[in-house]
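Geometric and topological summary
Each chain, letter by letter, is given below.
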Amino acid sequence: MTDLPTTAPEKDLALDAVVDLDVPGPTISRHLYGHFAEHLGRCIYEGFWVGEDSDIPNVGGIRTDVVEALRELAIPNLRWPGGCFADTYHWRDGVGPAADRPRIVNTHWGDVVEDNAFGTHEFMALCDLLDTAPYISGNVGSGTVQETADWVEYLTRGDDSPMARLRREHGRDEPWGVSFFGIGNEPWGCGGNLRADQFASLARQHATYARDHGGNKLVRVAAGASDDDYAWTETLMQQVAKLGDTEPRDLWQMVSFHFYTFAGTWGDKGSATRFSRDEYWATMRKALDVRRIIAGHSAVMDAYDPQARIGLALDEWGTWWNVEPGTNPGFLYQQNAMRDALVATVHFDAFHDHARRLRLANIAQTVNVLQSMLLTDGARMIKTPTFHAFAMSAGHHDAAGLPVRERAARATHDVDGTAVGTVSASASTKDGAVLVSLTNLDPDAASTVRIALRGQAVSDPVATVLAADDPAAHNTFDAPDAVAPRPLDGVTLDGGVLTVQLPPAAFATVRLTLAS
Ligand code: AHR
């Protein structure tokens, strides 16, 4: 048993905190580590799908190197086919013999031909290879309620029904299990430019006919707000509960919102790899704002659903930079630096702290688009710093959260009048171990963190760090391991008090063994 250190909180520590190992918080759903793959740029085509005749090694057209790398992340769910593309997607275009599938134009992303080579069967095969739960995003913007009903039936119905028969004609006998079904995407924008009340009416219809077939139980995710548009969330909550109700209607089981991080404006977001210190800190201030926004949506939901039966989903998040020079502006291809990894890890800490309400999150996007895990160049593939941040955090999946309580105000950096905390932390416990995540946002100074681990004895700290001399450091096809995890020295555990020296601009994890 560990006692609270009798020493006073130390001001020169960037973080001086306590974790009560015997007072676990809500479970951190593994689905907070979800991913997103849209028919956009080189995400699906080249990123995942190369076709069976490709020289790039593949299984049934899906590239092997990408699947093998992503399996290291234990991806819990994968959202597809969009994004904005989902609201132009008619699922029947992507089933049946490939030669018979229509060629359409991807009007939203680059105005390029979409030959529908990758459709429902290919996506479900990808989910099988990744051992991940499918999150299918339905078309509310330009699709019909009947299309929604039929797609769900095609995917999940086992007995003799029109859509089950069609699926069998296309070579698949057994129904698939589908975990999540999105009711629309950004309906306030690319998903139809709808008002909240208009969307709510449509969403009620689509959600009704997205049926549970056989044993398949869908989690329906109603498309939600942009950033801190809490009024949108309130409109959606009003459809399922009246103030004072304790049991919401079983219409949708989650409400989503989207939140992206960039340094500048939507018109000029900044470069992924060439940025000033001011831009760096502006990025971090923006990323940390996700805490306020999650808390704001949660507060609205608490009023209608105090028992948190309905989950909050952040089903698009991540950094969004100006595209790499010389690339198609409609393809959203960007490099990924140490800064991106730190944006990810401060999001993870916020997710852990809000795990009671936040149950699903999807970073945008998995390969070659926005804040990717992997970048490809023909047959070559590299892992990004963000990939490593996800890999190092996999131990938090389905673990019990352990709140990190500050004993003294943490160190801050002034960003245009806003005090931005320079250290972010979270912890969890699972399978007889404790995992502590620590982020030092300061790109110019090392930071010392002290955490008293109380309530149960711990031992054998094993620390790993992802760090770079420059927050703009990134991996390239010629230097694929410029930013990669390594063991971290300078970690002590003394009487249950963990002390860690974090290098500048670094993410570290410390795994400790719990005494049985
Ligand atoms: O992730 C890229 C795009 O960002 C998605 O298609 C859309 O939903 C959002 O605006």
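Residues numbered from 1 in each chain as written. Predicted model: local features only at pLDDT ≥ 70, side-chain atom pairs only at ≥ 80, totals over all residues. Heavy atoms only, no water.

Looking at an unreviewed UniProt entry, the protein chain carries the name non-reducing end alpha-L-arabinofuranosidase, with the source organism given as Isoptericola peretonis. Listed in UniProt under the heading Catalytic activity (unreviewed entry), the comment for the protein chain reads: "Hydrolysis of terminal non-reducing alpha-L-arabinofuranoside residues in alpha-L-arabinosides." The annotation that UniProt attaches to the protein chain under Subunit (unreviewed entry) is "Homohexamer; trimer of dimers." (UniProt positions renumbered as here; feature names shortened; annotations may be inferred.)

1. A word on the site of the ligand
In the neighbourhood of the ligand, 13 residues make up the surrounding shell, with E38, C84, E186, Y260 and E316 lying closest. Contact between the ligand and E186: an oxygen atom at 2.7 Å from a side-chain N or O atom of the residue. When the free accessible area of the ligand is taken as 280 Å², the share hidden by the protein chains comes to 94%. Here the shell around the ligand is built from residues that sort into 7 nonpolar, 3 polar and 3 charged. (Near = heavy atom within 4 Å. Polar contact = N/O pair within 3.5 Å; in protein donor to acceptor, adjacent residues only side chain to side chain. Areas by Shrake-Rupley, 256 points an atom, 1.4 Å probe, with all protein chains shown as cover. Nonpolar A, V, L, I, M, F, W, Y, C, P; charged D, E, K, R; others polar.)

2. Some points on the pattern of salt bridges
All chains considered together, the criterion is met by 29 salt bridges. The closest approach of N and O atoms between D159 and R157, which form a salt bridge, is 2.8 Å. We classify D159 as partly exposed; its relative accessible area is 41%. For R157, a relative accessible area of 26% puts it in the partly exposed group. Overlapping salt bridges, with partners in common, bring together D302, D305, R356 and R357 in one network. (Salt bridge = Lys/Arg side-chain N within 4 Å of Asp/Glu carboxyl O. Buried < 20%, exposed > 50% of the residue type's maximum accessible area, 1.4 Å probe, protein only.)

3. Things to note about the state of the cysteines
Disulfide: a covalent bond connecting the sulfur atoms of a pair of cysteines. Tallied over the entire structure, the rule returns 1 disulfide. Here C84 pairs with C190 through a disulfide, and the sulfurs are 2.1 Å apart. Looking down the S-S bond of the C84 and C190 bridge, the torsion is -85°, so its handedness is left-handed. Here the residue C84 occupies a position in the loop between strand 5 (77–80) and strand 6 (104–106), and C190 occupies one in the loop between strand 9 (180–183) and helix 5 (196–209), the gap between them amounting to 106 residues. Residue C84 is classed as buried on the basis of its relative accessible area of 9%. For C43, which is in no disulfide, the shortest distance to another cysteine sulfur is to C127 and amounts to 12 Å. The exposure class assigned to C43 is buried, which follows from its relative accessible area of 0%. (Disulfide = S-S within 2.5 Å. Helix = DSSP H or I, 4+ residues; strand = E, 2+ residues; numbered from the N terminus.)

4. Section: unusual backbone geometry
Going from W80 to P81, the amide bond is cis rather than trans, its omega being 10°. Considering the arrangement of structural elements, one finds P81 in the loop between strand 5 and strand 6. The residue after A364, namely Q365, is reached through a cis peptide bond having omega -10°. With respect to the secondary-structure elements, Q365 resides in the loop between strand 13 (358–364) and strand 14 (374–377). One non-glycine residue, D416, lies in the positive phi region at around 50°.

5. Brief notes about the packing of helix 5 against helix 6 (residues 230–240)
Interhelical geometry of helix 5 versus helix 6 gives an angle of 35° and a closest axis separation of 10 Å. Relative to helix 6, helix 5 is oriented so that their crossing is right-handed. Across the interface between the two elements, A196, D197, F199, A200 and R204 of helix 5 pack against W232, T235, L236 and Q239 of helix 6. Taken together, the residues that form the contact of helix 5 with helix 6 break down as 5 nonpolar, 2 polar and 2 charged. (Axes fitted to C-alpha atoms, helices over the stretch in contact; angles between N-to-C directions. Left-handed = near helix turned anticlockwise from the far one by under 90°. Contact = heavy atoms within 4.5 Å.)

6. What to know about the nonpolar core
Membership of the largest hydrophobic core comes to 114 residues, with the highest contact counts inside it found for F48, L70, W252, L314, W317 and F351. Excluding residues that lie within four positions of it along the chain, F351 makes contacts with L32, I294, L314, W317, L358 and A361. One finds L438, A506, A508 and L514 within the second-largest nonpolar core, a separate group that totals 29 residues. (Core = buried A, V, L, I, M, F, W, Y, C linked by side-chain atoms within 4.5 Å.)

7. Examining the packing of aromatic side chains
All told, the structure shown has 24 aromatic pairs when counted by the stated rule. Look at F85 and Y89: their rings are 5.4 Å apart centre to centre, the planes differ by 40°, and that puts the pair in the tilted class. Each residue in the set W49, W80, F85, Y89, W91, F118, F123, W151, Y154 and F181 is aromatic and connected to the rest through ring pairs, giving one cluster. Between the NZ or CZ atom of K286 and the centre of the ring of F262, over which it lies, the distance is 4.8 Å. Above the ring of W321, the side-chain terminus of R339 is found at 3.8 Å from the ring centroid. (Phe/Tyr/Trp six-rings, centres within 6.5 Å; stacked < 30°, edge-to-face > 60°. Lys NZ or Arg CZ within 6 Å of the ring centre and 35° of its normal.)

8. Notes on the environment of L130
Among the secondary structure elements, L130 is positioned in helix 2 (residues 120–130). Sequence-distant contacts of L130, that is, excluding residues within four places in its chain, are made with V67, L70, R71 and L78.

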